[in-house]
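# Chains, contacts and geometry: an overview
The residues making up each chain are set out below.
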Amino acid sequence: MEDREQIYSKRVRAGKRTYFFDVRSTRSNDYYLTITESRRHPQGDGFTYEKHKMFLYKEDFDKFVDALKDAVDHVKTELMPEVDFSQFEAKTEEVDAVIGESDLKWE
């Protein structure tokens, strides 16, 4: 599936990984979300990037968000209740919203 016009993008930097949450439009003016994980690997004098992309369509938004919240809550309350997760809160410079084109281009 070819990426269509990008409407909104949110980038989350996490060490060697960056997550992109991009809202895109279809030819029929419908909308979907792509979630991309980009991982940086050293190669020679520079870096190479490995990416994994997932497409999420409007009919699955609520189910996806509910399942993600349930899974995260399970880890926080059942598996690791002693961990203070607020220590991992994103700093302002690690999360940014971008309207329009991202500075990274995907084929």
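A few points on the structure. (Residues numbered from 1 in each chain as written. Predicted model: local features only at pLDDT ≥ 70, side-chain atom pairs only at ≥ 80, totals over all residues. Heavy atoms only, no water.)

### A word on unusual backbone geometry
If you check the backbone angles, Asn29 has positive phi at about 60° while not being a glycine. Note that Asn29 resides in the loop between strand E2 (17-25) and strand E3 (31-43). The exposure class assigned to Asn29 is exposed, which follows from its relative accessible area of 59%. (Helix = DSSP H or I, 4+ residues; strand = E, 2+ residues; numbered from the N terminus. Buried < 20%, exposed > 50% of the residue type's maximum accessible area, 1.4 Å probe, protein only.)

### Observations regarding the pairing of E3
Taken residue by residue, a regular strand's side chains alternate between the two faces of the sheet. Here E2 pairs with E3 via nine bridges, running antiparallel. Looking at E3, one finds that Phe21 is bridged to Ile35. In this structure, the hairpin formed by E2 and E3 is closed by a connection of five residues, where Asn29 is found at a positive phi of approximately 60°. Of the strand pairs in this sheet, E3 and strand E4 (residues 46-57) are connected by 12 bridges, and their pairing is antiparallel. Looking at E4, one finds that Gln43 is bridged to Gly46. (Pairing = 2+ DSSP bridges.)

### Side note on the side chain of Ser9
Note on placement: Ser9 falls in strand E1 (residues 6-14). Separated by 2.4 Å, the side chains of Ser9 and Asp22 make a polar contact. (Polar contact = N/O pair within 3.5 Å; in protein donor to acceptor, adjacent residues only side chain to side chain.)

### Quick word on the pattern of salt bridges
The tally for this structure, following the rule as stated, stands at five salt bridges. The partner of Arg24 in a salt bridge is Asp22, and the shortest N-O contact between them spans 3.9 Å. Overall, the relative accessible area of 7% leaves Arg24 in the buried class. We note a salt bridge from Arg39 to Glu37, for which the minimum N-O separation is 4.0 Å. Assessed through its relative accessible area of 34%, Arg39 is described here as partly exposed. (Salt bridge = Lys/Arg side-chain N within 4 Å of Asp/Glu carboxyl O.)

### Here's the deal with the pairing of E2
Pairing geometry for E1 and E2, over eight bridges, is antiparallel. Pairing of Gln6 across the sheet is with Arg24, part of E2. Two successive antiparallel strands, E1 and E2, enclose a turn made up of two residues, where Gly15 displays a positive phi of approximately 65°.

### Description of a nonpolar patch on the surface
Taken together, the side chains of Ile7, Tyr8 and Tyr31 define a hydrophobic patch exposed on the protein surface, amounting to about 260 Å² of accessible area. Tracing the backbone through its elements, the reader meets Tyr31 in strand E3. By relative accessible area, which is 42% here, Tyr31 ends up partly exposed. (Patch = residues over 30% accessible without salt bridge, like charges linked within 9 Å, V, L, I, M, F, W, Y side chains within 5 Å. Areas by Shrake-Rupley, 256 points an atom, 1.4 Å probe, with all protein chains shown as cover.)

### Focus on the environment of Met54
Within the secondary structure layout, Met54 lies in strand E4. The class for Met54 is partly exposed, based on a relative accessible area of 36%. In sequence terms Met54 and Leu33 are 21 residues apart; their C-alpha atoms lie 8.3 Å from each other. Leave out the neighbours within four places in its chain, and Met54 touches Leu33, Thr34, Ile35 and Phe64. (Contact = heavy atoms within 4.5 Å.)

Coordinates in, geometry out; function isn't part of it.
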